[in-house]
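An overview of the molecular structure
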Amino acid sequence: MACSIHARVSQSRARLFVFALLGVLTLAGCTGIQSTLEPHGPDAQRIATIAWILFTGAAVIFFAVTALAGYALFAVPTRRGWIASTKLIIGAGVVFPVVALSVLLIYTFGVAGALVGGKDSTPLKIAVTGEMWWWRVHYLDASGHPLLVTANEIHIPVGRPVELSLATADVLHSFWLPNLAGKLDMIPGRVNVLRFTADQAGVSRGQCAEYCGAQHAKMAFYVDAKTPLEFDVWLAAQQAPGQTPRTEQHARGRALFEPHCGACHTVRGTPAAGVLGPDLTHIGSRRSLAAGILPNNAGTLAGWIASSQHLKPENRMPSFADFTGEELRALAAYLESLQ
Ligand code: CUA
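What counts as what
- Residues numbered from 1 in each chain as written.
- Predicted model: local features only at pLDDT ≥ 70, side-chain atom pairs only at ≥ 80, totals over all residues.
- Heavy atoms only, no water.
- Helix = DSSP H or I, 4+ residues; strand = E, 2+ residues; numbered from the N terminus.
- Expected span 1.5 Å × (residues − 1).
- Buried < 20%, exposed > 50% of the residue type's maximum accessible area, 1.4 Å probe, protein only.
- Contact = heavy atoms within 4.5 Å.
- Polar contact = N/O pair within 3.5 Å; in protein donor to acceptor, adjacent residues only side chain to side chain.
- Pairing = 2+ DSSP bridges.
- Axes fitted to C-alpha atoms, helices over the stretch in contact; angles between N-to-C directions.

**What about helix 7 (residues 325–337)?**
Look at helix 7: 18 Å from first C-alpha to last across 13 residues, which is about the 18 Å you get at 1.5 Å a residue. Of the residues making up helix 7, those classed as buried are Glu-327, Leu-328, Ala-330, Leu-331, Ala-332, Ala-333, Tyr-334, Leu-335 and Ser-337. The inward-facing, buried residues of helix 7 abut helix 5 (248–261) and helix 6 (298–311).

**A word on the side chain of Arg-136**
Examined against the element boundaries, Arg-136 turns out to sit in strand 2 (residues 134–140). Side-chain polar atoms of Arg-136 contact the backbone oxygen of Val-275, separated by 2.8 Å. Residues within four places of Arg-136 in sequence aside, it is in contact with Ala-127, Val-128, Thr-129, Glu-131, Val-149, Thr-150, Val-275, Leu-276 and Gly-277.

**Section: the sheet that holds strand 6 (residues 173–177)**
Strand order in the open sheet formed by five strands is 4-10-9-6-7, and the pairing between neighbours is mixed. Of all strands in the sheet, those with a lone pairing partner are strand 4 (153–157) and strand 7 (182–186), marking the two edges. Within the sheet, the average angular offset between the axes of one strand and its neighbour, ignoring direction, is 20°. With five bridges joining them, strand 6 and strand 7 adopt antiparallel strand pairing. Within strand 7, the position partnered with Phe-175 by the bridge is Leu-184.

**Focus on the sheet that holds strand 8 (residues 192–196)**
Reading across the sheet, the five strands line up as 3-2-1-5-8 and stay open at both edges, with mixed pairing between neighbours. The open sheet has two edge strands with one neighbour each: strand 3 (146–151) and strand 8. Going across the sheet, the axis of each strand differs from the next one's by a mean of 25°, ignoring polarity. As judged from the seven bridges shared by strand 1 (residues 124–131) and strand 5 (residues 162–168), these two strands associate in the parallel manner. Residue Ala-127 lies in a different strand from strand 5, and its bridge partner there is Ser-165. Those strands touched by helix 4 (residues 228–239) are strand 1, strand 2 and strand 3, and its axis lies near 90° from that of strand 3.

Laid out in C-alpha cells, this is it:
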C-alpha cells in the first residue's frame, strides 16, 4: 500500500514537471525574430500590450470560472445556493461580458487606428505585392515612382517611419511582421497601408498569415532594420545594375542564365528582363532563397534550380533537371556573384 502511494506521488510529480517544462518551452517559443512578445518598435509595442492584456484577462476569467464550477460541483448544497441567484447570473453572465468586451473593443479600435494612421509626411514608401508564394518589393521615391525592385527581403532605416502599400497579384495573402508591425491582409483589388517604425537595428522574420494555396507555409520574408547610414549604402548598392562577370565561371553562368532564365527573371543591365519571377539583380546579397525557405549559398542555389518543384511543389518555377553539375555550379556561382 505504502509502495503504491509512493508511486502515485512520484507519478504526479513527474506530471507536474512535464507540464512545467511544456509551459517553459511554450513561452520560450514566444520570443525571437518572429514574435509579438518581442517588439522592436512602438507600433509592435502597442500590439504586444494588447496581447498581454488579453492573455492576463483570459487567464483570470478562466481560473475564476473554473473555481466557480468546482464550487458548484463540490460545495455543500446549503452553501452553494447563491451561485444560482439572478443577481450573479445577470451580473457575471451579462453585465460583466458586455462591459469588458465593449471596453476592449474601443481600446483595440484606438490602437488599430494609431497603426494605420501615422501622420509623418516623409515616410519611406515601399510597395509589397504578395504572389503565390513570394513577395515582390518595390522601393518608391517620395512621389510614389519605383526606385528599385527586389524580393522577399525588406531593408529599412531605424527611426524613420515606413509606409507599406500592401497588394496581391493573385489570391488573398496576409503580411504578418509581429516584431515590428502586426498583420494586415493583402486583398485582391485593394491596396492596404501599414505604417510602422523600427526603434532598434536587427533582423525580423515575417510570414504569410492567410492560407493561399499549397505553399502558404513556405511564404516567409525577412526585414532588416539598419542604421540610416547603412541603409543609404544598401539602397545605393541595390540601385546599381547587376555585377559583370569577374571569372570565367561567372561568364559561363551568365551565358546559361540569359537564355534559360531571362524570360522570367531580370538582372538589370543584362538582356535578362523577365518579370514573372523575382528580380535577381542582387540575389547574391539576400539571406534566403525561395521566400525564406533556404539559406542563400551556391549549394542551395544549384539545388533550387535543379529541383525547385521538389523543394516547393507547384511554385511557378519549373525544375531544371537537365543541367549538368558543371552548368549548375556555373549558374550558382554567377548568381552568388550578383551582390
Ligand atoms: Cu500567401 Cu499564405
